[in-house]
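Below are the chains, spelled out letter by letter.
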Amino acid sequence: MREDLVRIFGGVHEDVAAHAGDMTENEPRTPAFVVEATRADQVPELLRLASARGVPVTPKVTGLNIGGLAIPAEGGIVLDLRKLDRVEIDRHNMVAWIEPGVSWARLKEEAHKVGLALGFPLAPPETSVLACALMDGLSTMALAHGSFGDWVHGVEAYLADGTKVVTGSAAMSGRPLSRGPLPDLTGMFLNWYGGTGVVTRLALALWPKRAFREREILPFKDIEGGIALMRAGARTGLFDDLGGLSWPAAKWAFGLDRLGPRDPNEPELYVIADYGADTKAEMKVKEERLRELAPGAPPIPVAELLALAPDLQPFAELPARLGFLMDHEGGGLTWIGTFGPMERLEEGARAGMRIVEGSGNPPLVVVRPMKGGHYAVLRFIFRFDKARDTERVRALMVELGRALMDLGYVPYKCPATLYEEVARRIDPGFRALMERMRKAIDPKGILNPDRWKLP
Ligand SMILES: Cc1cc2nc3c(=O)[nH]c(=O)nc-3n(C[C@H](O)[C@H](O)[C@H](O)COP(=O)(O)OP(=O)(O)OC[C@H]3O[C@@H](n4cnc5c(N)ncnc54)[C@H](O)[C@@H]3O)c2cc1C
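Source: prediction; values computed, not measured. (Residues numbered from 1 in each chain as written. Predicted model: local features only at pLDDT ≥ 70, side-chain atom pairs only at ≥ 80, totals over all residues.)

A word on unusual backbone geometry
The step from Gly 180 to Pro 181 runs through a cis peptide bond, and the omega angle for that step is 0 degrees. Following Leu 318, the chain continues into Pro 319 via a peptide bond in cis, with omega recorded as 0 degrees. Positive phi outside glycine occurs at Asp 136, with the angle close to 60 degrees. Turning to its location among the elements, Asp 136 is positioned in the loop between helix H4 (129-134) and helix H5 (142-145). With a phi angle near 30 degrees, Asn 448 is a residue other than glycine that sits in the positive phi range. For Asn 448, the location among the structural elements is in the segment after helix H16 (428-441). (Helix = DSSP H or I, 4+ residues; strand = E, 2+ residues; numbered from the N terminus.)

Right, dumping it as structure tokens:
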């Protein structure tokens, strides 16, 4: 195997242990080989070889998905895609063809050069846009335009036997202008975490770069007040994003590490409002509407807050590295994120916070109306000590997962920790179809086989 990999890639990396685990509670697994692609045509060659030998392949960019999703199969191959980083932008139709290694920082720069823009996750600037879109990630434009899965107009991918597939309108015209009107095979690659193929190019919608932009923070004394604003604001169609973060995020951002209970005078939820416009008059309408919707929580422009509190810089200009989540003593970070009903947000947030606090963790919750208010995201984030608390965190994830699924929330970037709960609830026909599709595309089971391995 080694000689074949050297022939295809010019060498193999020896640091297999560095790819065994990630920051989460998910079980580490050590690959046998790590190879780095520098050309897309190496991907089908590898997949043909791996299929012939029955060796699992896990595609990976930076591995910072916080769901254990790039943890390889034991004894498999990690395919490092960081060096595939070409970007091609069609500015007339506002779409970018991107390779897996294209980072948020890079796509922002390229898009701005042609008067276009995109939304950002609260993720480090070097992480992969393509992988985030494949995982249906969320951004500072999620209220206006939905999750990143909705932004995908098509992909170019390789199946396990090395067959190349192009989906979306590009399948016929070579131009990725729309997801339809052909049958939607793009969906075969979304939320599978590399389990159906390796995507070498993805077409991502971009949006006009507005002349004026504002980001404001609205402090709410309770979660319910903040959610009421989000619900009303979502339906106006005026805002790109209304995302809420609970009080521990602010404390950690200010460098306070060990948090006690919340001071009753302290806001419980901070809503971050993002919006933009091309004229001052349009901007004024949005500003005023936001103030009308939240009379008791006057918005504070982030730029003004920064003058008082420079520690809040990561919230001002995205993409940014949230050091308070990534660089703490203990090194563990995980979350459970879900898509679910708008009308149960308060109930879901409260139920989850009770469970998180009961386990001795600060209740860091993220709430967000999506796609004009058609559904909501509810996410709980924990930092933990990897050496000491991994087992406890696994149990907490399961308890929380159960409570959220009981309220109709469906996990995204679904970690293996939750597979048992998912298996118990998923439609049997859906599950059988997933298995049949996978078998048909990948009969030897080499494509990131531990993902969606439901018990
Ligand atoms: C502190 C922090 C905050 C974050 N906040 C957010 C947030 O607000 N919103 C959000 O959406 N995300 C968030 N993220 C996650 C982040 O945006 C994504 O992890 C990232 O953009 C995906 O890139 P990656 O390099 O981590 O992908 P990886 O972890 O390398 O890959 C992710 C998955 O995709 C698969 N994969 C990778 N490349 C391919 C390919 N070419 N073909 C098929 N499958 C592939 C992998 O096998 C894996 O299953 C956050 C991450 C951190 C660390």
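Considering the site of the ligand
Around the ligand there are 34 residues in total, and Pro 121, Ala 123, Cys 132, Gly 137 and Gly 194 lie nearest to it. Counting residues per element, the ones that place at least two in the shell around the ligand are strand E2 (57-60), H4, strand E9 (198-205) and helix H12 (323-326). Per element, the largest residue contribution to the shell around the ligand is four residues, and it comes from H4. For the shell around the ligand, the class distribution of residues is 24 nonpolar, nine polar and one charged. (Near = placed C-beta within 6 Å. Nonpolar A, V, L, I, M, F, W, Y, C, P; charged D, E, K, R; others polar.)

Here's the deal with the sheet that holds strand E1 (residues 33-36)
Two modes of strand pairing occur in sheets, parallel and antiparallel, and in both the strands are linked by backbone hydrogen bonds. A sheet is described by the order of its strands in space; here three strands give the open sequence E1-E3-E2, paired in parallel fashion. Unpaired on one side and paired on the other, E1 and E2 mark the two borders of the sheet. Within this sheet the neighbouring strands show an average axis-to-axis angle of 25 degrees, counted without direction. Alignment of E1 against strand E3 (residues 77-80), held across four bridges, turns out to be parallel. Note that in E3 the partner of Val 34 across the bridge is Val 78. Across the face of the sheet, helix H2 (residues 42-53) comes into contact with E1, E2 and E3 while running at roughly 155 degrees to E2. (Pairing = 2+ DSSP bridges. Axes fitted to C-alpha atoms, helices over the stretch in contact; angles between N-to-C directions. Contact = placed C-beta atoms within 7 Å.)

Brief notes about the domain arrangement of the chain
Looking at the chain, the domain boundaries give domain 1 (2-80), domain 2 (87-208) and domain 3 (212-414). Computed over C-alpha atoms only, the centres of domain 1 and domain 2 are separated by 22 Å. At the junction of the two partners, domain 1 supplies 14 residues and domain 2 supplies 18 residues. Residue assignment for the side of domain 1 that touches domain 2 shows that the elements contributing at least two residues are H2 and E2. In terms of residues, the side of domain 1 that touches domain 2 owes the most to one element, H2, which gives five residues. Residue composition of the side of domain 1 that touches domain 2, by class: nine nonpolar, four polar and one charged. (Domains from an automatic or database assignment.)

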